[in-house]
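Report on the structure
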Amino acid sequence: MKAIFGLIGIIFMITATITHIWTVIIAFSEGGFFGGVLSFLLPFLSEIYWMFQMFGENDGYAYTALIHLILAIPISMVSR
């Protein structure tokens, strides 16, 4: 059972990294150089910010970021 939770944690980290790269790309294209660098350095805060900015504009990203933010707490607690 512990191996399954560990695997879920690894898969979550990979998909969260992909989502963060997507966030940084959006930040560079929408917010310029400073927004991109700031988003790169502050992943959790930048994903919250860009998630709200992209609702209605890029719903695929917004819902993906929302799901990752919601799942981050229980997955991090279980996969330790």
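Residues numbered from 1 in each chain as written. Predicted model: local features only at pLDDT ≥ 70, side-chain atom pairs only at ≥ 80, totals over all residues. Heavy atoms only, no water.

The geometry of two aromatic rings is summed up by the distance between their centres and the angle between their planes. Enumeration according to the criterion identifies 5 aromatic pairs in this entry. With centroids separated by 5.0 Å and ring planes inclined at 80°, the aromatic side chains of Tyr49 and Trp50 adopt a geometry described as edge-to-face. Judged by its relative accessible area of 45%, Tyr49 falls in the partly exposed class. By relative accessible area, Trp50 is classed as buried at 8%. (Phe/Tyr/Trp six-rings, centres within 6.5 Å; stacked < 30°, edge-to-face > 60°. Buried < 20%, exposed > 50% of the residue type's maximum accessible area, 1.4 Å probe, protein only.)

Attention now goes to the environment of Thr19. Residue position: Thr19 is located in helix 1 (residues 2-41). Classification of Thr19 by relative accessible area gives buried; the value is 3%. Residues within four places of Thr19 in sequence aside, it is in contact with Glu47, Tyr61, Thr64, Ala65 and His68. (Helix = DSSP H or I, 4+ residues; strand = E, 2+ residues; numbered from the N terminus. Contact = heavy atoms within 4.5 Å.)

It is worth spelling out the side chain of Ser39 at this point. The residue Ser39 is located in helix 1 in this model. With relative accessibility at 4%, the residue Ser39 sits in the buried group. In contact with Ser39, other than residues within four places in its own chain, are His20, Val24, Ala27, Ser46 and Trp50.

What follows concerns the nonpolar core. Most often, soluble globular proteins keep nonpolar side chains buried together rather than apart. Counting 9 residues, the largest nonpolar core is built from Ile26, Ala27, Trp50, Met51, Met54, Tyr61, Ala62, Ala65 and Leu69. Of all the secondary-structure elements, those providing two or more residues to this core are helix 1, helix 2 (43-54) and helix 3 (59-78). Beyond its immediate chain neighbours, meaning those up to four positions away, Ala62 contacts Met51, Met54 and Phe55. (Core = buried A, V, L, I, M, F, W, Y, C linked by side-chain atoms within 4.5 Å.)

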